[in-house]
Amino acid sequence: MRTCTALQEETIITAIRKTATAVGCTAVLLTAAAACGTVQNLTAGQKVDHAVSRIGEQKSLAFQLDLDADAAAIDTLAGEDGADESLPPEFAEFVSGLRVDVSVKSRKALADSGEKDLVGTSMRITGTGGVLVEYRIIGDFMYYRTDMKAIGRAMGVPMPTADDLPPSQKELKKVLEGDWVKVNTKELERAGKAAGGGSKGAAGGGEVDAKTQKKVLDAVRGVIGRKVTFRTKGGADGVEHVIATGNVRDLLTAVFDKLRPLQGDLPAGAELPSAKDLKDAPNRKAAVDFTLKNGDLRQIRVDLAVLADSPQKAELPLVLKFSKAGDVSAPAGATEIPVDEVPGSSPLGTAFLGGGF
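Residue numbers here run from 1 along each chain, matching the order of that chain's written sequence. Reporting of local features is limited, given that this is a predicted model, to residues whose pLDDT is at least 70; pairs of side-chain atoms are given and counted only at 80 or more, and all residues count toward the totals for whole chains, interfaces and linings. The side-chain numbers reported here are obtained from all heavy atoms of the structure, hydrogens and water having been left aside.

Moving on, we get to helix α9 (residues 248-259). Working definition: helices are DSSP H or I runs of at least four residues, strands are E runs of at least two. Numbering for both runs from the N terminus. In a helix, the anticipated span is given by 1.5 Å times the number of residues less one. Here α9 spans 16 Å end to end across 12 residues, near enough to the 16 Å set by a 1.5 Å rise per residue. Here the term buried applies to any residue with accessible area under 20% of the maximum for its type, exposed to any over 50%, and partly exposed to those in between, with areas from a 1.4 Å probe on protein chains only. For α9, the complete set of buried residues consists of V248, L251, L252, A254, V255, F256 and L259. Polar contacts, as counted here, are pairs of nitrogen or oxygen atoms within 3.5 Å of one another; within protein the pair requires one atom able to donate a hydrogen and one able to accept it, and residues that are adjacent in sequence qualify only if both atoms are side-chain atoms. Its side-chain oxygen 3.1 Å from the backbone nitrogen of R249, N247 forms the N-cap of α9.

So this is what it looks like as structure tokens:
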């Protein structure tokens, strides 16, 4: 019999997966649409296309992602009509206070940079009480820290403590205590290859080769040209808005139909949704608002409320803000964890082995 904690975890994970799918598929695809304007939308599409190109010309970039909504609105989106169990109240409160910050610095323009050109990369997830999870990639090392106690309190799920660890995993005590730890990524990659971790398309590293990237982009462009429209809305002090609009179900179905023949060239684990899955996608229009200032892309905003099954009215704006990256450096005093001590099933292992979260 599953425990109450297990049921909570399952409910939370399901809600996160559904929300992430909707956010990722809708916002990201409509963002890509801006750089693929059709002839009749050339002016509006080209404005964002130029702004995106200017980002690619920079050597550093930072972006911040958060939901500009309260817990009640989030609960409306994540809930389902007729559901036997509602979301734990801790989950909605937890998500309403979340913010994701990503920074990247390179020796070259970002559009021309490969992995070897990156000086530093960081990702930080913060909540109302401070930093929950953070990792940085500097040189040959990945650095990681997490506040397990804060995550447990926010989500209402008990988390392991340092006292729960067996003596053989003493290195992981630092992780559970919230201290910085690090692992040598090159050694980890070699260990993965030795264990047979290589995969078609990604070469074990989760990357997509340039030829496949072009195929994916061409497929998306072809669909965007038919399924998305653009319009401009003026502002003051050099601010202008470009609105991209498309039907969520039609857009996702058409895109994934084009991508399905490329499945074998994508990284292992990058499974595309089936036609049956896409039938459950909202049959509604979603609009993405691109904010430009003096030609630079400053913000992307989309109201996720259109994706909710609930008939209740709610606004759930997802906001992505762009700026230049600040300092991305290695934290002092990080404890190195031997590669053979990194458990693949732990949050630490997911971050190190999966290259993120």
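What follows continues from the structure just given.
Paired rings are identified among Phe, Tyr and Trp, the last through its six-membered ring, by centres lying within 6.5 Å, and are further divided according to the angle between planes into stacked (under 30 degrees), edge-to-face (over 60) and tilted (the rest). Under the counting rule described, the total for this entry stands at two aromatic pairs. Relative to F322, the ring of F63 has its centre 6.4 Å away and its plane inclined at 50°; by these criteria the two rings are tilted. Of this pair, F63 sits in strand β1 (residues 60-67) while F322 sits in strand β11 (residues 317-323), and the two are 259 residues apart along the sequence. Take F63: its relative accessible area is 26%, and that puts it in the partly exposed class.

By the secondary structure assignment, R136 is in strand β4 (residues 130-138). Here the side chain of R136 touches E134 through a polar contact of 3.1 Å, side chain to side chain.

As a further point, take the confidence of the model for the protein. On average, residues of the protein score 75 in pLDDT, and 72% of them reach the 70 mark or higher. Confidence per residue, as judged by the predictor, is encoded in pLDDT with a range of 0 to 100. Ranking the elements of the protein by mean pLDDT puts helix α1 (residues 4-33) last, at 44, and strand β2 (residues 99-106) first, at 92. The criterion used for residue contact is that any of the two residues' heavy atoms lie within 4.5 Å. Taken together, the stretch residues 1-28 has pLDDT below 50 and engages in 41 contacts with residues farther than four places along the chain or on a different chain. The low-confidence segment residues 353-357 (pLDDT under 50) makes 15 contacts with residues lying over four places distant or belonging to another chain.

This paragraph deals with the pattern of salt bridges. Only one rule defines a salt bridge in this text: a Lys or Arg side-chain nitrogen within 4 Å of an Asp or Glu carboxyl oxygen. If you walk through the whole model with that rule in mind, you get 12 salt bridges. When the shortest N-O distance is used, the salt bridge between R99 and D101 registers 2.8 Å. By relative accessible area, D101 is classed as buried at 12%. The salt bridge partner of E177 is K173, with a shortest N-O separation of 3.9 Å. Under the relative-accessibility criterion, E177 is labelled partly exposed at 42%. On the accessibility criterion, K173 (41% relative accessible area) is partly exposed. Sharing partners across several salt bridges, the network here consists of R99, D101 and R124.

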